[in-house]
Every structure is written in C-alpha cells, then in structure tokens.
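One letter stands for each residue in the lines below.
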Amino acid sequence: MDHLTLANNFNAFAYELVTNHSKINNEVKSIQDDIFLRRIVFSRYYYALYHKYLAHDDELSSMSGSGLHATVLEKIKCCGDPKLYQVYVKLRNLRIWADYQDTNHLALTVNLMTINTDVFSIIKRKQIKC
Amino acid sequence: MNSLPNTSYSNILGSFAMGTALLLQSADSSAVESIIKKPKYDQYINYDTAKQSTQSDSYIQNDIEMLKILDITNINNKINTLFGTTITEHWIPADGILEETCLFIKVDKQESFMQNEDFELDLYLAVKDEIDTSSFFNMIALM
C-alpha cells in the first residue's frame, strides 16, 4: 500500500473514532474506554501525518526503519511550515503517551476535534513542499 | 630555573597528617565512624536503604524541575502580555523521551480563544523566542 493511501486510511479511521467519540460522549462511559480510544486516535493521526509527509518526499518514501521517524521530523523542522511542524510535533508527543505511558488524566482533556481539523487540513493538501 | 621552596618531604607529610586530623575533628562524627568501620571484603551489606546521589529527590533533579518551572513562567508572562490570559494547566507527555518535546498547556478562557482557529499557531509564533531558548521544550500546543 502506498504512503498516500495509508495516510488517508489512518486519517479516516481516526476521524471515525473521533466523530463516534463525540456522539457517545453524552452517554455513560468509563474513563478507561476514553483512554483506549484516545490512545488509538493519537497513534492513527500521527501515522496519517507521517505517511502523508513520506508520500511527498521522493528521497525518503522508499526508505524504511525506525530512524526514519526522526529524519521526517528533521525535514519538517527545516520546512519553514510552522503549522505542519506544530501539528507533527504535537502528535509525535501524544503518540508517546499513547504507546508507552501509564494513564495520565490530562490526556483526557486534549481537544480531539481540534486535532481532527488540524490533521485534515494537512491531509487534504495537494503538496507538502520542504 | 624556578624551584620549589626548601621544604623536606617529612614536613609536607606532617602537614598533610595534621590537616587530615583537623578535618576529621570538624566532620560529622557518624560520617567518620562509617569511614572507620569499613566492612571486610567478604561482609554482606544491605544497601537498599542507603541514600544515593542519583535518587529522584536529589538536589540536581530539583534544580532541573525548578528551571523547567522558570521556563514555563517566562512563557506564561509572554502569553499574559500578548493575549491577556494565563496558563492554568500544563503537561509534558514525552518529557525526557523525545528529542523534540512539546509543552501542552491549557489557558484561561481557552474556548473563547479557540473561536480563532489559528490561535494555537499564533500562540506558538508568539512565544517562539522563549521556546527556542528553552532547554526543555521545542514546541507548545493546546490541550
């Protein structure tokens, strides 16, 4: 599967979770459910951005390995696009909580709809020029 | 050619011994006792409760936390000056883990500020100088 398809799929999956989250938010729901959902959402949105960037970088798109994440970050940092840099760093940090950290209830206060809007604004771009 | 003053080795050793004795006299008696009562090489010692300099409550660790709070205070002052609001909560989820650390904040009356969809980016650009000079944060974002 190519990077652009992966980016779109990850974004669509996270978007579906976020919209469902806002629908069920009024119902009785455990904090644990909310934590699980946020862990998945943060991780999917991060990978949506990661693959979106790779889809537009001919040099990195065919490469693989864990070091690639840091390389992508370095290139985005030098990109001169503060919005892209901000959203990418924000999600990269949230993914650390999602994948590796114990529960922190401050994660429950992160505004999912804002992230949703921010990621979508990048996913729908025709080009990412760095 | 420069030469040392005419001092014999015995004078130097005598001065060292006297200095050591004075130092031991002024030192805490329990500390001296622990030095004197050094265990034998094959004696088992339980160090589980021993205080070590790398403990999380060490003064160095506290200094780092203090510097972090100072950085956040500087950012808060700038936000207060430019936007007329203050930080009410902060969170650093990848503290000490990632090379690019994001400071997540919540500000007073955040919902009304969020009517401007560029507020989060404006906030980052407004405090970019403070973020760039900070040793702890590379980015700021809203919770």
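On a predicted model such as this, the values are computed, not experimentally measured, just so you know.

S.K.: I tried to follow the overall build of chain A on my own but got confused; where do I start?
M.R.: Check the secondary structure of chain A and you find five helices and zero strands. Sequence-ordered secondary structure for chain A, helices as α and strands as β, is α-α-α-α-α. On C-alpha atoms alone, chain A measures out to a radius of gyration of 15 Å, which is about the 14 Å that the 2.2 N^0.38 rule sets for 130 residues. Counting only C-alpha atoms and orienting by the principal axes, one finds that chain A spans roughly 50 × 30 × 25 Å. Classification of the 130 residues of chain A by burial places 33% in the buried group.

S.K.: Quick question: what am I supposed to make of the packing of helix α2 (residues 31–55) of chain A against helix α3 (residues 67–77) of chain A here?
M.R.: Each pair of packed helices can be described by the angle between their axes along with the distance between the axes. Residues and elements named next belong to chain A. Where α2 meets α3, the closest approach of the two axes is 11 Å, and the angle between their N-to-C directions is 70°. With respect to each other, α2 and α3 are oriented roughly perpendicular. The two elements α2 and α3 cross, and the hand of that crossing is left-handed. Contacts from Tyr-50, Tyr-53 and Leu-54 of α2 reach α3 at His-69, Val-72 and Ile-76. Considered class by class, the residues forming the contact of α2 with α3 number five nonpolar, one polar and no charged.

S.K.: Help me out: how do you make sense of the pairing of strand β2 (residues 102–107) of chain B in this one?
M.R.: For a regular strand, side chains alternate in direction, first toward one face of the sheet and then toward the other. Residue and element names in this part refer to chain B. Taking burial as the measure, the six residues of β2 include five buried ones, the bulk of the element. Where β2 and strand β3 (residues 139–142) come together, four bridges link them in parallel fashion. Bridging across to β3, Phe-104 finds its partner in Ala-141.

S.K.: Even after reading the chapter, I still don't get the sheet that holds β2(B), so can you show me in this structure?
M.R.: Hydrogen bonds along the backbone pair up the strands of a sheet, which may run parallel or antiparallel. What the three strands build is an open sheet, ordered β1-β2-β3 (chain B); its pairing is mixed. At either margin of the open sheet sits one strand with a lone partner, and together these are β1 (87–91) and β3 of chain B. The average angle at which neighbouring strand axes cross in this sheet is 30°, direction not considered. Lying over the sheet, helix α4 (residues 82–100) of chain A contacts β2 and β3 of chain B, oriented at roughly 80° with respect to β3(B).

S.K.: I keep staring at the interface of chain A and chain B and nothing clicks. Help me out?
M.R.: Where interface size is given, it is often the accessible area lost as the parts come together that is meant. Across the boundary between the two partners, chain A contributes 19 residues, which contact 20 residues of chain B. Put simply, the parts of the chain that give the side of chain A that touches chain B at least two residues each are α3 and α4 of chain A. No other element matches the ten residues that α4(A) contributes to the side of chain A that touches chain B. Looking at the side of chain A that touches chain B residue by residue, the classes come out as nine nonpolar, seven polar and three charged.

S.K.: Whenever I open this one, the packing of α4(A) against helix α5 (residues 119–126) of chain B confuses me. Can you help?
M.R.: Between α4(A) and α5(B), the least distance of the axes is 10 Å, while the angle of their chain directions is 100°. One finds that α4(A) runs roughly perpendicular with respect to α5(B). Every residue of α5(B) that contacts α4(A) at A:Pro82, A:Lys83 and A:Gln86 is listed here: B:Glu120, B:Leu121, B:Tyr124 and B:Leu125.

S.K.: For this particular structure, what's the right way to read the environment of A:Cys130?
M.R.: Residues and elements named next belong to chain A. Along the chain, Cys-130 falls in the segment after α5 (112–123). Looking at Cys-130, the number of C-beta atoms within 10 Å reads 15, which means it is partly exposed. Placed 50 residues apart in sequence, Cys-130 and Gly-80 show a C-alpha to C-alpha distance of 7.4 Å.

Rules of the game
- Residues numbered from 1 in each chain as written.
- Chains lettered and ligands numbered in written order.
- Predicted model: local features only at pLDDT ≥ 70, side-chain atom pairs only at ≥ 80, totals over all residues.
- Helix = DSSP H or I, 4+ residues; strand = E, 2+ residues; numbered from the N terminus.
- Rg over C-alpha atoms; globule rule 2.2 N^0.38 Å.
- Buried ≥ 20, exposed ≤ 12 C-beta atoms within 10 Å, placed from the backbone.
- Axes fitted to C-alpha atoms, helices over the stretch in contact; angles between N-to-C directions.
- Parallel < 35°, antiparallel > 145°, perpendicular 65-115°, else oblique.
- Left-handed = near helix turned anticlockwise from the far one by under 90°.
- Contact = placed C-beta atoms within 7 Å.
- Nonpolar A, V, L, I, M, F, W, Y, C, P; charged D, E, K, R; others polar.
- Pairing = 2+ DSSP bridges.

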